[in-house]
Each structure stands twice: as C-alpha cells, then as structure tokens.
Amino acid sequence: MSADRKTVLLVDDDAQFLEVLQSLAQTASGEIWNVLAAQTTALALTTLQTEKVDLIVIDLRMPVVDGVQFLQLIQRKYPHVKKIILSGHVDGSSRNAATQAGAELVLEKPVTPEGFQTVLAALGELLRWQNEEGFRGTLRRVGIEDVIQMECLSRHSLVLEVSSQGSRGRIFIRKGELIHAECGDTIGEAALQQLLALSGGEFRHTAFDEPPTRSLEGSWEFLVMEAARKRDEAASMGAEPEPLPVAEIETTASTEAGTQPPLPVVTELVVCGEDGDVMHAWQSADPPRRAAALALLVECSQRIGATVPVGSLERVEFMGLPERVVARFSGQGAVFVRGTAEHG
Amino acid sequence: MNSSANQFLLSWVEGTFSLGEVLVVGGILADGSPFRHGATTEFVACMEDAWWISLAEALDRLTANDCDAPRSMWVFEKALLWIAKRVDGAWIGVFTPREISDADREALHSRLVEFIALP
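Nothing here was measured: the structure is a model prediction, and the numbers come from that model.

Rules used in this analysis
- Numbering of residues begins from 1 in every chain and follows the order in which that chain's sequence is written.
- All chains are assigned letters beginning with A, and all ligands numbers beginning with 1, in the order in which they are written.
- Local features are withheld for residues below a pLDDT of 70 in this predicted model, meaning they are given only at 70 or higher, and side-chain atom pairs are given and counted only at 80 or more; totals for whole chains, interfaces and linings count all residues.
- Here a residue counts as buried when 20 or more other C-beta atoms fall within 10 Å of its C-beta, as exposed when 12 or fewer do, and as partly exposed in between; the C-beta atoms come from the backbone.
- Put simply, DSSP H or I for four residues or longer makes a helix, DSSP E for two residues or longer makes a strand, and each gets a number counted from the N terminus.
- Two strands make a pair as long as DSSP finds a minimum of two bridges between them.
- In this description, a line fitted to the C-alpha atoms serves as the axis of each element, helices being fitted only across the stretch in contact, and the angle between N-to-C directions of two axes falls anywhere from 0 to 180 degrees.
- Contact between two residues is assigned whenever their backbone-derived C-beta positions fall within 7 Å.
- The term nonpolar core means buried Ala, Val, Leu, Ile, Met, Phe, Trp, Tyr and Cys residues held together as one set by C-beta atoms within 7 Å.
- The source of the domain bounds is an automatic or database domain assignment.

Peer 1: Would you take a moment to explain the pairing of strand β3 (residues 71-76) of chain B for this structure?
Peer 2: It is a general feature of regular strands that their side chains alternate between the two faces of the sheet. Among the six residues of β3(B), five are classified as buried, and the element is accordingly described as predominantly covered. As defined by bridge partners, strand β13 (residues 313-319) of chain A adjoins β3(B) across six bridges and the pair is classed as antiparallel. When the sheet's bridge partners are listed, Arg315(A) is paired in β3(B) with Val75(B). Here β3(B) runs beside strand β4 (residues 79-85) of chain B; their pairing, made up of five bridges, is antiparallel. Of the residues in β4(B), the one forming a bridge with Arg71(B) is Ala84(B).

Shown next, in the form of structure tokens:
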C-alpha cells in the first residue's frame, strides 16, 4: 500500500448518505484514500481499533451516542485523528460544542453535488494539512484567502508570513479569528487588503505569537469579503486587474502535504437507487442513459459472477479517455462519476 | 483482420500472459471469433467459446449506451477483469487476482496498451 494512502472513516446512521459519500470520496480521491464507513459508533470504534485512521467524519445527529459525545470519546483515545463534524443543521451552539469537543471542522451536510464537492475539498485540505506543525511546503494554486478560510474554520492559531515582489507582511490568526495584519508600515484592514491583493508570492505558516497590537476586529468572513470587494473595486476603476492571489511556495521539507495530488473535479454525476431509478443527476446530458449503462454493467457482472468466482462488482474504471470515468456499485445503488483525468 | 494477423495476435497473447500470473485470458478477434488462453480450475467456464461471445454481446450493449473506453478495469470482490479494445473490433479480457502488486499492475497496463497498438 502506498505511503500516501490515507484512511478516512465516515460515521453516519443514514446508510444511503454514507454510501454516496463513500463512493464519491473514494472516486474523487483517485483511489488514494481508503474510505471506510460505519453506520454506528460501535462499528466506528471497532474500526478505529483495527485501522490506522487519518480522518474521521462524524454525523452530528445519531441515535444512542450523538456526534459530540462520540467526538469527546475519540478525542481522548485518538487525539491525533483529524475530526470533521457533518450536520444538517449547523448553528452556533452545535458548532461551539463540536469544536470544543475536538472537531477541526464543522460542515453542513451536503445535499447537492456542489455541496459534496465542497465537503470532499475540505476533507482533502484537512488530510493535506495533517501533521504540519511548523510546516513549510508547496501549495500551488492555493489562494491566501483559501488558507485563511481553512485556518479560521479550523479555529487554529498561527501566523501567516507572506512575501511577494518586495512586499512582506504577516497575518495573525488566533483561535480562528483574524486579529492583526501588517504589510510594511501599514497595519490593520489596509494591510490585510494589500496582502490579499497580491497576485502571487510565498507564504509560510509559523507558530502563533502575540502580535504587537490588535489591528483587526470583526468576523474573518467580513474582513476577507471586504478585502475582495476593495480589490474588485480597484479593478473596475481601471487599475491593473489582479488575478486571484495564488501562493507558490518552495518545498523545503518533505511532508505528506507535498505528495498529495489535487482532487479531481467532478464534471458529471448520476446517482441511482437500488431499483435503478435515477435519484440524483448533476451536469448529465442524459441521466436515463447513464442509469441504463449502470444497469447493464450490473447485469453483465452478474452473468460473469454466475460462472466464475469473482464475487460482486464494486466498480468499473474506464481508462484511455480524456476524462476519468468511474461507475461504483453497492447493494444500495450505483454512482456514475465523470471527472478530470486521473493524476499523473 | 486476416488469418495471419489473427495468428500473430494469438501468438502474442500466448507469449505475453502466463498462467499463475493471470487467472484466465480471452477475448474476441476482429473477425468475431473468440479466443482464450489457459484458465485456472476455478475459471474453467471461460474455456467455452460461448462465455466470451456472451461477454462480447454485453460489451456491445454497453458501447451502444455510450459506456465505452479503450481500456477498462472491473473491480470485483475477489478478482479484477481488465479489458482492452482495439479499433479493428478485437478485444481482450484478462482476469487477475484482486490483490496484485503495483509493479504487476503497471506491467499489465503496459501489455494492454501494447495489445491495442499491435499491427
């Protein structure tokens, strides 16, 4: 098994949701992740005892032991496992309870393909950022805004050192709050706006240190949005249009983050139920045709399985195409996914 | 594809795949005739021409449903089925154990690409 392979454990009492998320995560990671699923916390605990799990994704509302209680339990036993809470109803109190119990991220349970894409991207980011105390490495085509968002959502404390074209600055984040920014002699919102308007450069995470002063107030969402608005405003007034800030950081340490390829982008998705009906389709020109193809694959695999001992069909990967196409199967349905070509 | 081309392709299959490494190899030539090469005891059903003809029909139906690619890998619980299709209509199916090393996987992949490019 490749050293890059990460194990993700999904815990949810909703079997259908679990199935879809497991299929999508396995597919979207290009089979790099080993995605396990547990429908109960008891099964999840058994899995944690037998597998080296890197990331666990927990449904907040589960019977017997709810997500927060389960989080508290595994935080004590498995503090190094990254933890994400998924919930259909994220409010302030549940978010606080989950983060205090050890969750790195609290995300809305996805109900659309875009939502699933966002959750998968978050999973990927969290796996990439694992074991990165004092990390310094390469993050190509990741905007500073993205990094700030991830760190704030994760309620981390750190200092982002940013440099580009002679400009140098620092952004201080304390427990997920933007508290100070400085760029040259400028501090506060103006400094943050200057740093977020950079078209490229380098940034580096360093351990949190108290800033000389607190120059930023308000939510990080507002501060980042305001910076984006100012940048757009400047562009519309004839200033040189700035591309989105993109960080190009040199790799100076061999870290797991540097070895993880980007997640492919899903361009078509069709989910079929046990009876073959299309349950969900996204960007598919002809969902019934996809459903028919999935049914044919199942039929064909059953004919093969009836004569030779191969067991049931789990997935079919179509190769040699401009895009990556995967069909996944389980007793509860099938998923057809088309996406950007596989890595490498 | 004429008979000498068929013979060349069959020779290539026999020289390329050895039992023990794969569970069974078979397929359909460009003229529609089936071929197979060795089979472990458990895959003895694949020694019947009808088995490959039946699979060919299923693959044709998939193609008609816009579900087609030069190569595909079917992941079953206990085995993998690798399929490669040539532009002349010939195709090959190779069953291997489910767990194979990365090196074996790469080697198999190269052979299937070679099959597609054979004259």
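Having seen the structure, we can now continue with the description.
Peer 1: Whenever I open this one, the sheet that holds strand β14 (residues 324-330) of chain A confuses me. Can you help?
Peer 2: Pairing between the strands of a sheet comes from backbone hydrogen bonds, and it takes one of two forms, parallel or antiparallel. Judged by pairing direction, the sheet is antiparallel, and its ten strands sit side by side in the order β12(A)-β11(A)-β15(A)-β14(A)-β13(A)-β3(B)-β4(B)-β5(B)-β1(B)-β2(B) without closing on themselves. The open sheet has two edge strands, β12 (278-282) of chain A together with β2 (34-39) of chain B, and neither has a second partner. Across the sheet, the mean angle separating the axes of adjacent strands is 10° when strand polarity is ignored. Across five bridges, strand β1 (residues 24-28) of chain B lies against β2(B) in antiparallel orientation. Following the sheet pairing, Gly26(B) is matched in β2(B) by Arg36(B). The sheet contacts of helix α1 (residues 3-16) of chain B involve β1, β2 and β5 (91-97) of chain B, and relative to β2(B) the element is tilted by about 15°. Contacts from helix α3 (residues 102-117) of chain B reach β3, β4 and β5 of chain B within the one sheet, and its direction differs from that of β4(B) by about 25°.

Peer 1: Explain the nonpolar core to me, please; I cannot follow it from the model alone.
Peer 2: One broad rule of soluble globular proteins: the nonpolar side chains tend to lie buried together. All names here are of chain A. Val57, Ile84 and Leu123 are the most contacted members of the largest nonpolar core, which totals 103 residues. Sort the elements by how many residues they give to this core and helix α5 (residues 113-128) lands first, with seven residues. Residues lining this core come from more than one domain, with at least three contributed by each of domain 1 (1-131) and domain 3 (264-344). When near neighbours in sequence (up to four residues on either side) are disregarded, Leu123 contacts Val8, Ala25, Leu55, Val57 and Ile84. Of all hydrophobic cores here, the second largest spans 23 residues; its members include Val162, Leu192, Ala197 and Leu198.

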